[in-house]
Amino acid sequence: MLGPDGTTWHNLSAFFERDFLEGVDVDESLDSPVAQATVRVQREMNGLSLAPLVTDSRANNLAGAYSPLLDVGRTFRVEVGLAPLGCEPGPGDWLPLFYGRVDDVDAGATVLTFKGRDFAGVLQDVWLRQEHQYGSAAGTPLQTVCQSILNDSHLSAFGLYVPEDLTWDLGPYNQAVEPVADALSKLATARGAECRWKLRPDTGDWGLWLWVPDRSASEPVWEWGPKDYAELGALSTSLADVRTLVEVVYSDASDLDVTGQPKRKTVVREDVAATMRYGYTAPDGTRVPRFMRVAEAAASNIRSQAAAGRLADAALADLSSASLGVSVEVALHPGLELADLARLAPNGVHFVDAQTLAVRQVTHSLSASGGTTRVQLLGKPSLSPRAWLGMEARPGVAPAPTFTGPAAPSGIAVTGAIAGAVLVFTAPDATTGPEADSYELHVGATPGFLLSTASLKAVSSSTRFDLTGLAPGLTYYARVRSRDKKGNVGPASPEVIINPQYLTPKSMLQAVSFGALPPNGDFEAQVDINSPPDAFTLSGGTWGLDAVSSGDSFAGARSVVFPAGRAAATLTAQAFTVRSGEQWVFSCWYKQGTAQQVSGFLRVRFYSDLSTPLPVVNNANLGGTESIYIANFWRRQLLAREVPDGARYVVVSVVKASGYTGSLTVDSLDALRRPAQGSWTSVTYQNRWIPATPPDGRFQDVRYRRDDFGRVELRGVLLAPSPVTSSLAFTLPEGCRPFEAPRLIRTHNQSQLVSIYIETDGRVLVVAPAGSEIPLDGISFETNS
């Protein structure tokens, strides 16, 4: 983040030696002329606040006076460090991902969110405020006109980078009053190009490009195998954006009518092969093309047959095929660029041949622990079809919208839910426009937020959205808009407010033990009766057949029954964290319908991560062949284990034995961590006191240890010296001494009582006759720390 002095950069992952970063999302799409970034940071950490209105925070006084670090208009960069697993990125491992300005700051309760567009967003905000003529009769290069527009708008700092000369000269035309971004977009798109903020290969830094996708590219820059891509979605082709014949209506500046005005003419380009494939076959055998007309205004800079022809050729190149579209999620891939070719190796399910497609949208999601990249792929390198179809028009000069979407949904009702909400609404009246086929839910953190790919949370054909994953205590804003079968969107609904609820005891059923481990181990919470109890999954069988809820419980109101005669199945609890070396006792209560058989197993598996179990499987039988295992009698089974090295999680399951045909009822699945005991430590004897060592060596040396609760335990046998010159036998170290007051312990030395005083300074005084053997086993006391 660039500080208020305009020269100093501040790293929010090491800001005043604190890592404030929670996560970053960076989104870039051909459908949008600007990239967007959303950054989430901790509001406060160790007394240092990033909240803009905390005026006395050091973060907001970096220049010696109050000036919020997180403020709209601030410049910020997003960089990602790539390094081998287990290594910290070095100075040369950081790659630039985004460079832009803060557009809004949402100072949440615990997490602050700021969003911004890249510097191409400045072009959207700055207007050409007066009509101006550009081009010349002799022809002025396109890039020269674009730079002149930037210079005349006080944006000369944006030096336009032109990696390839488009060899396109512009005749004189009047530039209308409009945002600079719109002016440049119209000029560039008509020539099959785009103005976009990208990394420049010549300087290694960011800059504004007059960018042309490499439409001739055939070799992919990256290939993903079936195991590399996940969540394969939107695998489809559509005719909606296909055009096989393009007609451009233009005013020919070289051919004037009697009034001196340019004559209106047309240029037509057709891809005959595309028409044969995608066009409609009339009853007489004629192939009817998919038609597009671009009607340039009389004041347009398309003022010659050659210019109109090049516009038609560029549009046809990008629109003449029904391309395959697919969305995949892969590991973080920061080097991927729009219009890059990528290859998906066949997975044998969705396609059996490799698919080479062009990148249409890239969304990077980053956190301190890693990141992913969601990629939308479509056809071949090109501009966005929407950029072209936005130019489509009726005959003549009057522009017309490409498509008209359905009307807005109405009557949105919001019901708060735990960390989310339920939205129910009414579909729009199909008589007022196209029929709605599906609906988009958009959610923002500020009122009046802009709808974009970043705000899109879900798409559904239902008039209900169940929204999850929101932070309780924060206020969100939502709008819904309709889509027709072609994907055309209509206007958005009025904005509604969402207030996610906190999870509280009253949110759950009575006596639900979500505070114990495993969560919901008594099976009391079951939001969906068609699914296992909350926080549990069933494998190897079907819920409702091979396992069901029952009111025959040991505790609470519910248990889980594996019915007689059904297949074996496994009920598995949600994983929870453990630490190497801990001692745990796992247990469950069960009863079985058939006596003297092994009815199942209490199973415990430790994991190094949530997908990698350690090789040892820990099982404890439920039931057995002995006569004590009678039918329909509640019993408790225990399984005590130490957490092995490398384990970070544990998963507890109850398994019905495959050879058991009776019923098995399970309840009160529980996990309890034992207090850790320190290691035994030998004392240092004083004043000739020594350990008792009888001939058979049965006695132990005098030792002490302390547990997690601060309780000290002694063991071993002392031998009093002869003669006894001092009662001080040994001294306990700091941390293993009595709390507040000395301790007096009475014990025996074979024939008489012996007094032992344990002082608060650690001295252990033993009052006993010379030669006495004094046992210390069982002596324990609370410490002073």
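To start, this report covers the structure provided alongside it. (Residues numbered from 1 in each chain as written. Predicted model: local features only at pLDDT ≥ 70, side-chain atom pairs only at ≥ 80, totals over all residues. Heavy atoms only, no water.)

### Here's the deal with the overall build of the protein
A tally of regular secondary structure across the protein gives six helices and 56 strands. Its C-alpha atoms give the protein a radius of gyration of 37 Å, more than 25% over the compact-globule value 28 Å for 785 residues. The principal-axis extents of the C-alpha atoms in the protein amount to approximately 135 × 75 × 50 Å. When contacts within the protein are restricted to residue pairs at least 6 apart in sequence, long-range pairs at least 24 apart make up 66% of them. Entry remark: accessible area of the protein is about 37,800 Å², with carbon and sulfur atoms responsible for 51%. Within the protein, the 82 negative side-chain charges are centred at a point lying 4 Å from the centre of the 66 positive side-chain charges. (Helix = DSSP H or I, 4+ residues; strand = E, 2+ residues; numbered from the N terminus. Rg over C-alpha atoms; globule rule 2.2 N^0.38 Å. Contact = heavy atoms within 4.5 Å. Areas by Shrake-Rupley, 256 points an atom, 1.4 Å probe, with all protein chains shown as cover. Lys, Arg positive; Asp, Glu negative; His and termini not counted. Charge placed at Lys NZ, Arg CZ, Asp CG, Glu CD.)

### Thoughts on the pattern of salt bridges
Scanning all chains against the criterion turns up 27 salt bridges. Asp 708 serves as the salt-bridge partner of Arg 673, at 3.5 Å between the closest nitrogen and oxygen. With Arg 673 in strand S45 (residues 664-673) and Asp 708 in the loop between strand S48 (703-706) and strand S49 (711-715), the pair connects residues that are 35 residues apart, well separated along the chain. With relative accessibility at 46%, the residue Asp 708 sits in the partly exposed group. Bridged by salt links that share partners, the residues Arg 579, Glu 582, Arg 673 and Asp 708 form one connected network. (Salt bridge = Lys/Arg side-chain N within 4 Å of Asp/Glu carboxyl O. Buried < 20%, exposed > 50% of the residue type's maximum accessible area, 1.4 Å probe, protein only.)

### Observations concerning a negative patch on the surface
A cluster of acidic residues, Glu 164, Asp 165, Asp 169 and Asp 214, forms a negative patch on the protein surface. Summarising the element assignment, Asp 169 is placed in strand S11 (residues 169-170). With a relative accessible area of 47%, Asp 169 lands in the partly exposed category. (Patch = residues over 30% accessible without salt bridge, like charges linked within 9 Å, V, L, I, M, F, W, Y side chains within 5 Å.)

### A few points about the sheet that holds strand S43 (residues 635-642)
The strand order across the open sheet built from five strands is S36-S37-S45-S40-S43, with neighbouring strands paired in antiparallel fashion. A single partner strand is all that each edge strand has here, and the edge strands are strand S36 (548-550) and S43. When the angles between neighbouring strand axes are averaged without regard to direction, this sheet yields 35°. Inspection of the sheet shows strand S40 (residues 583-592) paired to S45 by eight bridges, in the antiparallel sense. By the bridge assignment for S45, Gln 592 is matched with Leu 664. (Pairing = 2+ DSSP bridges. Axes fitted to C-alpha atoms, helices over the stretch in contact; angles between N-to-C directions.)

### Thoughts on helix H3 (residues 180-189)
Residue pairs spaced three or four apart in an α-helix point in one direction, given the helix's 3.6 residues per turn. For H3, the tally of buried residues reaches seven of ten residues, placing the bulk of the element in the interior. Residues of H3 that are buried include every one of Val 180, Ala 181, Ala 183, Leu 184, Leu 187, Ala 188 and Thr 189, and no others.

### Digging into the sheet that holds strand S53 (residues 753-758)
Reading across from one edge, S51-S54-S53-S52 is the order of the four strands in this open sheet, with antiparallel pairing throughout. On the outer flanks of this sheet lie strand S51 (728-731) and strand S52 (743-748), each paired with one strand and no other. Ignoring which end each strand starts from, the neighbouring axes of this sheet average 20° apart. In this sheet, strand S54 (residues 763-767) lies alongside S53 in antiparallel orientation, the contact comprising four bridges. Residue pairing across strands places Ile 758 opposite Val 764, the latter belonging to S54.

### Focus on the environment of Arg 196
Its place among the elements puts Arg 196 in strand S14 (residues 194-199). When its relative accessible area of 1% is taken as the criterion, Arg 196 is described as buried. Taking the C-alpha atoms as reference, Arg 196 lies 32 Å from Ser 438; in sequence the two are 242 residues apart. Setting aside anything within four residues of it in sequence, one finds Arg 196 in contact with Glu 28, Ser 29, Leu 30, Ser 32, Pro 33, Gly 207, Leu 208, Trp 209, Trp 211 and Leu 338.

### Thoughts on the environment of Glu 79
One can find Glu 79 in strand S5 (residues 75-81). On the accessibility criterion, Glu 79 (43% relative accessible area) is partly exposed. The sequence separation of Glu 79 and Asp 93 amounts to 14 residues, and the corresponding C-alpha distance is 9.8 Å. The residues contacting Glu 79, other than those within four sequence positions of it, are Trp 94, Leu 95, Pro 96 and Leu 97.

### What to know about the pairing of strand S6 (residues 94-107)
In the sheet, S5 pairs with S6 via seven bridges, with the strands oriented antiparallel. Bridging from a neighbouring strand, Val 80 pairs with Leu 95 of S6. Of the pairings in the sheet, the one linking S6 to strand S7 (residues 111-118) comprises seven bridges and is antiparallel in character. Each residue of the ladder has a partner; that of Gly 100, found in S7, is Asp 118. Between S6 and the antiparallel strand that follows it, S7, lie three residues.

### Quick notes on the packing of helix H2 (residues 142-152) against H3
To describe two helices that pack against each other, one gives the angle between their axes and the distance between the axes. Running from amino to carboxyl end, H2 crosses H3 at an angle of 175°, the nearest separation of the two axes being 10 Å. If you check the angle between H2 and H3, you find them roughly antiparallel. Where H2 approaches H3, its residues Leu 142, Val 145, Cys 146, Ile 149 and Leu 150 are matched on the opposing element by Val 180, Leu 184 and Leu 187. Across the contact of H2 with H3, the residue classes tally to eight nonpolar, no polar and no charged. (Parallel < 35°, antiparallel > 145°, perpendicular 65-115°, else oblique. Nonpolar A, V, L, I, M, F, W, Y, C, P; charged D, E, K, R; others polar.)

### Some points on the environment of Trp 94
Following the sequence through the fold, Trp 94 ends up in strand S6. Looking at Trp 94, the relative accessible area reads 40%, which means it is partly exposed. For the pair Trp 94 and Gly 81, spaced 13 residues apart in the sequence, the C-alpha separation amounts to 4.2 Å. Setting aside chain neighbours within four positions, we find Trp 94 in contact with Glu 79, Val 80, Gly 81 and Pro 89.

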